[in-house]
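Fold and geometry: a report
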Amino acid sequence: MRIILLGPPGAGKGTQAKALAKRLNLAHISTGDLLRQEVAQNTPLGKEAVIYMQKGELVPDDLIIQMLEKRIVQLDAQAGFILDGYPRNLAQAKKLDQILNNMNKSIDLVFYLDTTEKVIIQRLSGRLVCKNCGANFHLTNMPPKKDRICDFCGGQLYQREDDKEQTIKKRLLVYYQETASLIDYYQQQKKLVHLSADEEAELVLEKIIQKIETYHDSLKI
Ligand code: AMP
């Protein structure tokens, strides 16, 4: 299975992608996480990308596409993957189709996690991320047992620089300007599944799993 999770920042793409990847034994590919690793390691790509990330803007397509191409051919992605945060615009979507086509592969399903702006702001402004393992927490919805300490690995929790209010607004604007048009693109390909993602993560996950099962059943007919 090759699945894309689409939706605004704060829709829960990362949370759902992690849970789905574990449940279905697929690779979780988050371009945001890959970029944050590059930034943490201070690589040339990281140094260039951080300038855009801090402003809530998209990192240029050529950098992202190169990084994605390298990741997609790794062994753990051969049986399938969940893409989280890619594609972000039409050019990236078309390039992905081309890369997969060259490998005789294609995207199976695209989930659009529809979320209201109120929920987005509430989720992002309280989000805490583990520096060590990347697990997500929330100041009020899902607080860690110990203040600012990860329940899973004991790592330190921090607020992402781009989860501050001004940058959230910019990221939302970029989403509506660039990414929202992908909904039409995948609808035309008859791959889009529209879900409300305002509910709790477990409920959204079950809805996604159900749709994947229906898709599998339809392939057997
Ligand atoms: P995310 O973790 O998906 O919210 O991404 C954080 C930031 O990384 C975004 O605001 C962008 O600056 C950058 N980024 C992540 N994925 C992409 C992408 N596919 N294209 C361009 N920029 C990206």
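Below is a summary of the structure that appears in this document. (Residues numbered from 1 in each chain as written. Predicted model: local features only at pLDDT ≥ 70, side-chain atom pairs only at ≥ 80, totals over all residues. Heavy atoms only, no water.)

Focus on the sheet that holds strand β5 (residues 127-130)
Pairing within the open sheet is antiparallel, and its three strands lie in the order β6-β5-β7. At either end of the open sheet lies a strand with only one pairing partner, and these are β6 (136-138) and β7 (157-158). Looking at chain direction, β5 and β7 are connected through two bridges and run antiparallel. Within β7, the residue paired with valine 129 across the bridge is tyrosine 158. (Pairing = 2+ DSSP bridges. Helix = DSSP H or I, 4+ residues; strand = E, 2+ residues; numbered from the N terminus.)

Observations concerning the pairing of strand β4 (residues 109-114)
Of all six residues in β4, five are buried, a share of seventy percent or more. Strand direction decides the pairing type here: strand β1 (residues 2-6) and β4, joined by four bridges, are parallel. In the sheet register, isoleucine 3 faces β4, and the bridge partner there is leucine 109. (Buried < 20%, exposed > 50% of the residue type's maximum accessible area, 1.4 Å probe, protein only.)

Concerning the nonpolar core
Residues Ile4, Leu6, Ile29, Phe81, Leu83, Leu96 and Tyr186 are the most contacted members of the largest nonpolar core, which totals 33 residues. Contact partners of isoleucine 29, with chain neighbours within four places excluded, come to Leu34, Leu68, Arg71, Ile72, Ala77, Phe81, Ile82, Leu83 and Asp84. Counting 21 residues, the second-largest nonpolar core is a separate cluster that includes Leu109, Phe111, Val193 and Ile212. (Core = buried A, V, L, I, M, F, W, Y, C linked by side-chain atoms within 4.5 Å. Contact = heavy atoms within 4.5 Å.)

Examining the sheet that holds strand β3 (residues 81-84)
Ordered by their spatial adjacency, five strands build an open sheet running β2-β3-β1-β4-β8, and the pairing between neighbours is parallel. Edge positions in the open sheet fall to β2 (27-30) and β8 (192-196), since each of these has one partner strand only. For this sheet, the mean inter-axis angle between neighbouring strands, taken without regard to orientation, is 20°. Pairing between β4 and β8: five bridges, direction parallel. Looking at the pairing, tyrosine 112 lines up with histidine 194 of β8. Lying over the sheet, helix α4 (residues 61-72) contacts β2 and β3, oriented at roughly 170° with respect to β2. (Axes fitted to C-alpha atoms, helices over the stretch in contact; angles between N-to-C directions.)

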